[in-house]
Amino acid sequence: TLTLPNSLFGMGNPLLDISAVVDKDFLEKYGLKPNDQILAEDKHKALFEEIVKKFKVEYHAGGATQNSIKIAQWMIQDPHKVCTFFGCIGEDKFGEILKQKADEAHVDAYYYEQTEEPTGTCAACITGDNRSLVANLAAANCYKKDKHLDLKENWKLVEKAKVYYIAGFFLTVSLESILKVAKHASENNKLFTLNLSAPFISQFFKDALMEVMPYVDVLFGNETEAATFSKEQGFQTEDIEEIAKKAEALPKVNKKRPRIVVFTQGKDGTIMTKGDKVETFPVLKIDQKDIVDTNGAGDAFVGGFLSELVQDKELEQCVKAGHYAANVIIRRAGCTFPEKPDFH
C-alpha cells in the first residue's frame, strides 16, 4: 500500500546551514560551548562573516524540522511529496536555494515569502565530534498564522495529513500556529509529535512548551534536553528513564492514545516509554573514524522514525528506522544523504 501524498506535515524554521570545521579559539571568541544550539545575539553578528572568511564553509539546506521531513521523504522514496513543509523565507538567493533543495528532495514545500527579512541562516561550528549551532532566524521568525497557515489552500494540506511534526524551535516563532495544528490533530485522533530541540527551549520558552504539551502524542529529545526539561519541570531526577516516565504522565487531551516519549543518547541506547515500562534500543555500531559530522543526527533519527510511523509501522520498527537514518547521516557532511536508503 502506497503512503498518500501530504500524509506527513512539518512546520518550522527553514534555514541555510553554513557549516565549517573551526578551532577552539573561534568558539571561545564568540563564547560558544562545543556542543550546543542557540539563537544568535548581537555579539554573534560578526561570526557569520568571519566563519566564511576564515574557514572552508559548506552550504546545506537546514532547519531542524525541514531536515527531518526531508529524511522521512528520502526513507519513503515513493510516492514523492508524502511530506509537506511550511515555513518562512526571504525573497533572495538563499531562499531560492532552499526551494531548489526541497524540490530535489521531493518534499512538498510551501514557503511564506516576505521581503522584510532575509532567509535565515545557521552557523554550524564543528570541532571533532561536536557541533555548536548558532541560528540567525531572520525570515524564519516572520512566519504568520493569518498570512499563511489560515489560507484555505494551505490549511487543506494540513487536513490531509495524519502525522504532524514540529521541532520545539518553532515555539519561539509562532505558538498560535503550533496550537492550531496540534488541536486539529488531537480533535481528529491524528498523531502530533514535538521535539524538545534544545535546552534553551525548556528554560526560556517553558510556558509555550507546556501549552502545547497536552496535545503531544510523541515527544522526542536527547539526553541533555531531557535533563534540562526535568530540572525546569521540577521532576527532581536525573535518571533519564524516570524523566521519560514523568514526561509521559503529563496531562494529555486526547486520551485515546498514551503519550510516547523517545529520548536519544548519542552513541548510547535510545529509550522509549511503553505503557508503564521503558525500553532501551541499542544504536547501530559505528567506527569513530567513519563519523564525519554529527550535525543533523538527531533530525535524521526523527525523520527515520516518522517515515515508519506514517506507514503505521510498529514503534520498535520506527526506532530502528531512526537509528538507520542517523547512522547514514553522521558519515556525511551536513544533513545530506545518498541516493537511496537500504533499510528493511
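Because the structure is predicted, anything quoted here is derived from the model rather than measured. (Residues numbered from 1 in each chain as written. Predicted model: local features only at pLDDT ≥ 70, side-chain atom pairs only at ≥ 80, totals over all residues. Heavy atoms only, no water.)

**Student:** Whenever I open this one, unusual backbone geometry confuses me. Can you help?
**Tutor:** Comment: phi is negative for the bulk of residues other than glycine, and the bulk of peptide bonds are trans. Cis peptide bonds are those with omega within 30 degrees of zero, and the linkage from Asp-78 to Pro-79 qualifies with -5°. The phi dihedral of Lys-81 is positive, around 60°, even though this residue is not glycine. Assignment of secondary structure puts Lys-81 in the loop between helix H3 (64-76) and strand S5 (83-90). Taking relative accessible area as the criterion, Lys-81 reaches 37% and is therefore assigned partly exposed. (Helix = DSSP H or I, 4+ residues; strand = E, 2+ residues; numbered from the N terminus. Buried < 20%, exposed > 50% of the residue type's maximum accessible area, 1.4 Å probe, protein only.)

**Student:** Any chance you could explain the pairing of strand S14 (residues 277-281) here in plain terms?
**Tutor:** A regular strand carries its side chains on alternate faces of the sheet. Across five bridges, strand S13 (residues 268-274) lies against S14 in antiparallel orientation. Bridged to Ile-271 within S14 is Thr-280. Hairpin remark: S13 followed by S14, antiparallel, with two residues in the connecting loop; positive phi at Gly-275, about 60°. (Pairing = 2+ DSSP bridges.)

**Student:** Help me out: how do you make sense of the sheet that holds strand S11 (residues 218-222) in this one?
**Tutor:** Backbone hydrogen bonds are what pair the strands of a sheet, in a parallel or an antiparallel way. Pairing is mixed across the open sheet formed by nine strands, whose spatial order is S6-S5-S1-S9-S10-S11-S12-S13-S14. This sheet does not close on itself; its edge strands, each paired only once, are strand S6 (108-114) and S14. Taking each pair of neighbouring strands and ignoring which way they run, the sheet shows an average axis angle of 20°. Pairing between strand S12 (residues 260-265) and S13: three bridges, direction antiparallel. Directly across from Phe-263, in S13, lies its bridge partner Ile-271. In the packing of helix H4 (residues 93-104) onto the sheet, contacts are made with S5 and S6, and the angle to S6 comes to roughly 170°. Here helix H10 (residues 223-233) sits on the sheet in contact with strand S10 (191-195), S11 and S12, set at roughly 110° to S11. (Axes fitted to C-alpha atoms, helices over the stretch in contact; angles between N-to-C directions. Contact = heavy atoms within 4.5 Å.)

**Student:** Honestly, the packing of helix H12 (residues 297-309) against helix H13 (residues 315-329) in this entry has me stumped. Any pointers?
**Tutor:** Where H12 contacts H13, the two axes come as close as 7 Å, and the packing angle between them is 140°. Between H12 and H13 lies a crossing of right-handed hand. Note on element contacts: H13 touches H12 through Leu-315, Gln-317, Cys-318, Val-319, Ala-321, Gly-322, His-323, Ala-325, Ala-326 and Ile-329, opposite Ala-297, Ala-300, Phe-301, Gly-304, Phe-305, Ser-307, Glu-308 and Leu-309. A breakdown of the residues in the contact of H12 with H13 according to their chemical character gives 12 nonpolar, five polar and one charged. (Left-handed = near helix turned anticlockwise from the far one by under 90°. Nonpolar A, V, L, I, M, F, W, Y, C, P; charged D, E, K, R; others polar.)

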